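# Secondary and tertiary structure notes
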Amino acid sequence: MNVDITDLTRRFGRTQAVAGVSLQAGAGVFGLLGPNGAGKTSLLRMMATVLPPTSGRLRLLGRDPGSYGPRREIRRRLGYLPQNLGYYPGFTAAEFVEYFALLKEMPPGQVPRAVAAAIEQVSLSDKARAKLRTLSGGMLRRAGIAQAIVNGPELLLLDEPTAGLDPEQRVAFRALLRDLGQRATVIVSTHLVEDVGAACTEVALMDAGKIVFQGTPDELIARGEGTGAAGDAPLERGYSAVLAASRSATAVA
Amino acid sequence: MTAATAAPVRHRTPRATSAIPLTAARLLRTELRRNAMPWILPLIAALFWFDSYRPSTGTAPLYVLRTFWNMGQGDTIVDFGPFVAGVAAWMGSRDGRRGLADLVTATARPRWAAQLATWAATAIWAVAAYLVFVGVMFAMYAHQGVGGTPPWWWVAVAVTAVTAFSAVGFAFGAYWPSRFAAPVAALGGFLAMAMSSQTGFRSPTGWALILPTNSNGNFDETDSGIFYPWLPDLPIARIMFLAGIAVAALGLTGLPGRAGGPWLRRAAAVVTVAGVASAGIAVGLASNARLSAHGMVIPALHDAADDAPITYTPVCGRAAGVPVCLNPAYRRWLPDVNGALAPVLAEVAGLPGTPVRATQVAAAYSSSAGGPQAVTLGGHPPVLRMSLGSFDMPGPCGFCGGPVATKQFADQIRLGFAQAFVGAGNGPGGPAQQAVQAALLQGAGIPFAVQPALMASSKNGPGPPPGPATGPVYAAARRLATLPAAARHAWLAAHLAALRAGRLTLKDMP
């Protein structure tokens, strides 16, 4: 298992963002669904090794990120796209991707080819020499995805990766996700259930810091059938049904 | 997006240690290309031109005077420092300000290393710009025929100061990633320089000598870089101080948990402590500095070899038949010196003790007002020694309230000669010496009436207080001056030894 999480918690003062999450994920595309404030981003930041857990056990790519040496090894094999991606406005798209390739300690000789490949994969080749300040929001998102995949990560963490992408790009991106999932563990946090349905082999639904559902997209669809839950698509109805059931159970308890 | 056409490049080979410099070089290249510092350089260039270069051209064309304004008082540092601190704070706050802190932290390379690359690019731009600006300024000085040698040690001090400003500004920005970090750092840099200058004006000695805008020590009215090398003692102490501050600031950026691993953070702590120690030691060294004839000496740093004079081939002319030789740095003033000496040398021609030649000697630093005697006469055969570095030379003079006229300079030289000839030493001399001096000056074209004012304005001797040219001294002087030249010569020849020994009184005067 590339991701092995047991009873993981994270507190910010009195707020418990992640409350006892356990999760295992191997190669494939893993969707992380949940409403705002469910704890998805905090969980992803812990998996990205930028936020230490308050308690629990976290192993990534077979290593413990609590120690510096293993953490550095994990980071070499990690791709991360934060929810709110900043950028250096004076950098070109290619420089931005190259910069992070170097920070990921890729062998310098491999960097130029890897940068070109990553930029091509996100269909940004014609804008490779454009300054980031001149790119649209969707193009910036694609540049962010390119930096995440430039090192051929074994563990790819994407927080709202399709935000700002146009429909055509989203379709292409899902195809890219499926391809990446052939050989790496890709964890995608998203609000958009259609992304999950199109690309994910497994899905977890978080609410109030806990995982309230884990299974395949088909299993999530099944949870919504016949419940009368709100939603335009089967996955949305499954999503709503699971959340409603979870919240009513919490209220009864 | 093309999932099937191009798979990501995968690398699983261990990172080779030899790749680290190449990676660092590429990071640095990108940072250099996209650094904010070049955007501010036109503003600094304008400031440098109007604040550092142009005022300096109002001083005499000698490096020691030209650079007193802009390097001795630290104007070049003031022009650069606050802006460099501001831009460095802007760069230091970049990741936090731009919301990239998580992304940078999630990479394998320690964040401190990435930050150091960003800082290095900022510092390289700032230092390179400083060197280019100063280089252009020195080239213009050379084109204008400025004499002496440039104060390279002080250039090194300023380079270190610019580096320190960049490091402190960067650390400030890294710890406070706000859009306000840059203006606050720039303002802080400006205030630090203002305080440094004010402290320097008040404190000519002690710890305050370490401050980069304190001009006391190796500049102004002396011959550093002309007769003897610029002493490196104080510059070395200041470099230690500023480098210590820079190193400590950079070390501080490596202390936070996300900066890197335990080993790296320990190294950052050691670097910080080493920087603070270096700065502290430098302050201690500066506290022990003392003013020597050649500049500020710090015993623990002083190398006796630095006291060796610079060898040179003098440029010579003649005044009233007497050879006059100057340091080549003063070549442009040789006609002025000859013209100044000719009348007084003609007055005493043939008398015993008349100089067989006149030569320029190095001026000496002095902490007391007035300083050593600027013109002396002595030796066998007698030689007139003039420390022209103690005079305001004809032409532009930045701190004299206006250009110095040739006659103004000539009168000061003649006064110095007359004081030396009568043996008055560095004081006003006895009444008889004053009377003979006044008569000699009258004979050399300086009327009695203007002599009190001339002596009062002299900065190379105490002289009598200004007042009318009356009283027993001037009465005796008038009597001597009205004698026929042959009789005056005969009297001087007979009484010169006693006059110089201070044994003559006004009653002995003709």
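Everything numeric here is computed off the predicted structure, so don't read it as measured data. (Residues numbered from 1 in each chain as written. Chains lettered and ligands numbered in written order. Predicted model: local features only at pLDDT ≥ 70, side-chain atom pairs only at ≥ 80, totals over all residues.)

Interfaces are often sized by the accessible area lost when the parts come together. Residues and elements named next belong to chain B. Under the domain assignment used here, chain B contains domain 1 (21-307) and domain 2 (315-508). Placing a centre on the C-alpha atoms of domain 1 and another on those of domain 2 gives a separation of 46 Å. Residue-level contacts link 20 residues of domain 1 with 16 residues of domain 2. Residue composition of the side of domain 1 that touches domain 2, by class: nine nonpolar, nine polar and two charged. (Domains from an automatic or database assignment. Contact = placed C-beta atoms within 7 Å. Nonpolar A, V, L, I, M, F, W, Y, C, P; charged D, E, K, R; others polar.)

Moving on: the packing of helix H4 (residues 75-92) of chain B against helix H8 (residues 152-175) of chain B. All names here are of chain B. Where H4 meets H8, the axes come as close as 7 Å, and the angle between the chain directions of the two elements is 30 degrees. Comparing the axis directions of H4 and H8 gives the class roughly parallel. Along this stretch, H4 crosses H8, giving a crossing that reads as right-handed. Note on element contacts: H8 touches H4 through Ala158, Ala161, Val162, Phe165, Ser166, Val168, Gly169, Phe170, Ala171, Phe172, Gly173 and Ala174, opposite Thr76, Ile77, Phe80, Gly81, Val84, Ala85, Gly86, Ala88, Ala89, Trp90, Met91 and Gly92. Class assignment for the residues of the contact of H4 with H8 results in 17 nonpolar, seven polar and no charged. (Axes fitted to C-alpha atoms, helices over the stretch in contact; angles between N-to-C directions. Helix = DSSP H or I, 4+ residues; strand = E, 2+ residues; numbered from the N terminus. Parallel < 35°, antiparallel > 145°, perpendicular 65-115°, else oblique. Left-handed = near helix turned anticlockwise from the far one by under 90°.)

Let us look at the sheet that holds strand S4 (residues 322-326) of chain B. Residue and element names in this part refer to chain B. One open sheet holds the five strands; their spatial order is S3-S4-S5-S7-S6, and the pairing between them is mixed. Only two strands of the sheet have a single partner each, and these edge strands are strand S3 (315-319) and strand S6 (375-378). Put simply, the sheet's adjacent strands are angled 20 degrees from each other on average, direction ignored. Across the face of the sheet, helix H12 (residues 334-348) comes into contact with S3, S4 and strand S5 (357-360) while running at roughly 30 degrees to S3. (Pairing = 2+ DSSP bridges.)

A few words now on the nonpolar core. Counting residues in each nonpolar core, the largest one holds 233 residues, and the members touching the most others are Val97, Ala118, Ala146 and Val186 of chain A together with Ala237, Leu341 and Ala435 of chain B. Residue contributions to this core peak at 15 residues, all from H8 of chain B. Two domains each provide a minimum of three residues to this core, namely domain 1 (21-307) and domain 2 (315-508) of chain B. Once you skip the residues sitting within four places of it in the chain, Val186 of chain A turns out to touch Val29, Phe30, Leu156, Leu158, Leu177, Leu180 and Gly181 of chain A. (Core = buried A, V, L, I, M, F, W, Y, C linked by C-beta atoms within 7 Å. Buried ≥ 20, exposed ≤ 12 C-beta atoms within 10 Å, placed from the backbone.)

To continue, consider the interface of chain B and chain A. Between chain B and chain A, the residue contacts involve 34 residues of the former and 46 residues of the latter. Within the residue set of the side of chain B that touches chain A, elements represented by two or more residues are helix H1 (19-33) and helix H6 (101-105) of chain B. Here the element with the most residues in the side of chain B that touches chain A is H1 of chain B; it accounts for six residues. In the side of chain B that touches chain A, the residues fall into 17 nonpolar, nine polar and eight charged.

Turning to the packing of helix H2 (residues 37-56) of chain B against helix H7 (residues 111-143) of chain B, a few remarks are in order. Residues and elements named next belong to chain B. Here H2 crosses H7 at 30 degrees, and the two axes come no closer than 11 Å. When the axes of H2 and H7 are compared, the crossing they make is right-handed. Facing Met37, Pro38, Leu41, Ile44, Ala45, Phe48 and Tyr53 of H2, the residues of H7 in contact are Thr122, Trp125, Ala126, Ala129, Phe133 and Met137. Of the residues that constitute the contact of H2 with H7, the class distribution is twelve nonpolar, one polar and no charged.

The next point concerns the pairing of strand S3 (residues 28-33) of chain A. All names here are of chain A. Burial analysis of S3 places six of its six residues in the buried class, the great majority of the element. The alternating pattern of S3 places Gly28, Phe30 and Leu32 and Val29, Gly31 and Leu33 on opposite faces, both of which are buried. Note: S3 against strand S7 (residues 185-190), six bridges, orientation parallel. Along S7, the bridge assignment pairs Leu32 with Ser189. Inspection of the sheet shows S3 paired to strand S8 (residues 202-207) by four bridges, in the parallel sense. The residue of S8 that forms the bridge with Phe30 is Glu202.

Residue and element names in this part refer to chain A. An order of S2-S1-S4 is seen for the three strands of this open sheet, with the pairing classed as antiparallel. Each having just a single partner strand, strand S2 (15-25) and strand S4 (55-60) make up the two edges of the open sheet. Each neighbouring strand pair of the sheet contributes to a mean axis angle of 25 degrees, computed without reference to strand direction. Pairing of strand S1 (residues 3-12) with S2 involves eight bridges; the strand directions are antiparallel. Across the sheet, residue Val3 finds its bridge partner in S2, namely Ala25.

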